[in-house]
Amino acid sequence: GNTMEELKRIIEEKGKVLSDQVLKTDSFLNHSVDPVLMDHIGRDFAGHFRDDGITKVITIESGGIAPALATAMHLGVPMVFVKKARPVTMTAPLTATVHSFTKNRDYELCVEQGLIKAEDHVLFIDDFLANGDAFKGILTLLDQAQAHLAGAGICIEKSWQHGRKTIRDLGIPLYVLASVKSMSEDGIVWDEPDQ
Ligand code: G4P
Ligand code: NA
Ligand code: NA
């Protein structure tokens, strides 16, 4: 809908192609945040998953927090962000090891056990989808809590990486706002996400 076109326009205006692999979006999405854009993104994700009985939105710190909060606001449900470092106050963590492709190292996801319940229908929201390793970590955490993953909403997908296939092969509904087919100093070539 409208939000897809709005996000793509803002990416073209304010994003920076750092290489054919990495898109910088720090001025509106994951460092500095455009609140009006987040509101529109949240409304769009909430509308798409409106009838799926979502009880909670989940994301990973830090880039996913802004769109996840906006989505939770529009759905009228809580948002939980999974942490990448275990705070001393976390008494009973669920944990999952994730391999970061971009940083070429492993890191630990953790979330306080009681925050995700077995009866939860959870919507995963994130800023970027690359290989889907972060997504697999979330799935591991939700499995431990015996909660149901009802869908995934992604702001920007890099469609040549295999994140889309990972999510689809697991039978999880996926909704992407902006799908990058390729990018270079000449600009971005958009993909048509089938959803
Ligand atoms: P994957 O989980 O999908 O396999 O992806 P990968 O390991 O490659 O990505 C790790 C991190 O890099 C994630 O954020 C992800 O959002 C981000 N990322 C991946 N591709 C891009 C890109 O082209 N541009 C930008 N700006 N980010 C990208 P993170 O490092 O876990 O943390 P945070 O930045 O959200 O705090
Ligand atoms: Na992220
Ligand atoms: Na990021």
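Each value, and the rule that gives it
Residues numbered from 1 in each chain as written. Chains lettered and ligands numbered in written order. Predicted model: local features only at pLDDT ≥ 70, side-chain atom pairs only at ≥ 80, totals over all residues. UniProt positions renumbered as here; feature names shortened; annotations may be inferred. Helix = DSSP H or I, 4+ residues; strand = E, 2+ residues; numbered from the N terminus. Buried ≥ 20, exposed ≤ 12 C-beta atoms within 10 Å, placed from the backbone. Contact = placed C-beta atoms within 7 Å. Pairing = 2+ DSSP bridges. Axes fitted to C-alpha atoms, helices over the stretch in contact; angles between N-to-C directions. Left-handed = near helix turned anticlockwise from the far one by under 90°. Nonpolar A, V, L, I, M, F, W, Y, C, P; charged D, E, K, R; others polar.

1. Examining the UniProt feature "binding site: xanthine" (unreviewed entry) in the chain
- Look at the UniProt record and you will see "binding site: xanthine" (unreviewed entry) annotated at Leu23, Asn30 and Lys158.
- Tracing the chain through its elements places Leu23 in strand 2 (residues 23–24).
- Classification of Leu23 as partly exposed rests on a count of 19 C-beta atoms within 10 Å.
- When near neighbours in sequence (up to four residues on either side) are disregarded, Leu23 contacts Gly15, Val17, Leu18, Ile156, Val180 and Met183.
- Its place among the elements puts Asn30 in the loop between strand 2 and helix 2 (35–48).

2. Quick look at helix 3 (residues 65–75)
- Counted residue by residue, helix 3 has 8 buried out of 11 residues, so it is predominantly covered.
- Buried residues of helix 3: Ala66, Pro67, Ala68, Ala70, Thr71, Ala72, His74 and Leu75, and no others.
- Here the buried face of helix 3 lies against helix 2, strand 3 (56–60), strand 4 (79–82), strand 7 (121–129) and strand 8 (148–158).
- Backbone geometry just downstream of helix 3 places Gly76 in the positive-phi region, at approximately 70 degrees.

3. Things to note about the sheet that holds strand 3
- Taking strand neighbours across the sheet as the criterion, the 6 strands line up as 4-3-7-8-9-10 in an open arrangement whose pairing is mixed. Of all the strands in the sheet, just strand 4 and strand 10 (187–190) have a single pairing partner and so form its edges. In this sheet, adjacent strand axes meet at a mean angle of 30 degrees when their direction is disregarded.
- Where strand 8 meets strand 9 (residues 174–184), 6 bridges bridge the pair, whose relative direction is parallel. Bridge pairing in strand 9 links Glu157 to Ser179.
- Against the sheet, helix 1 (residues 2–14) makes contact with strand 8, strand 9 and strand 10, and its axis sits at roughly 30 degrees relative to strand 9, the strand it touches most.

4. A closer look at the packing of helix 1 against helix 2
- Two elements in contact, helix 1 and helix 2, have axes separated by 10 Å at closest approach and are oriented at 145 degrees. Of the two possible hands of crossing, helix 1 and helix 2 adopt the one that is left-handed. Where helix 1 approaches helix 2, its residues Thr3, Glu6, Leu7 and Ile10 are matched on the opposing element by Leu37, His40, Ile41 and Asp44.
- Of the residues that constitute the contact of helix 1 with helix 2, the class distribution is 4 nonpolar, 2 polar and 2 charged.

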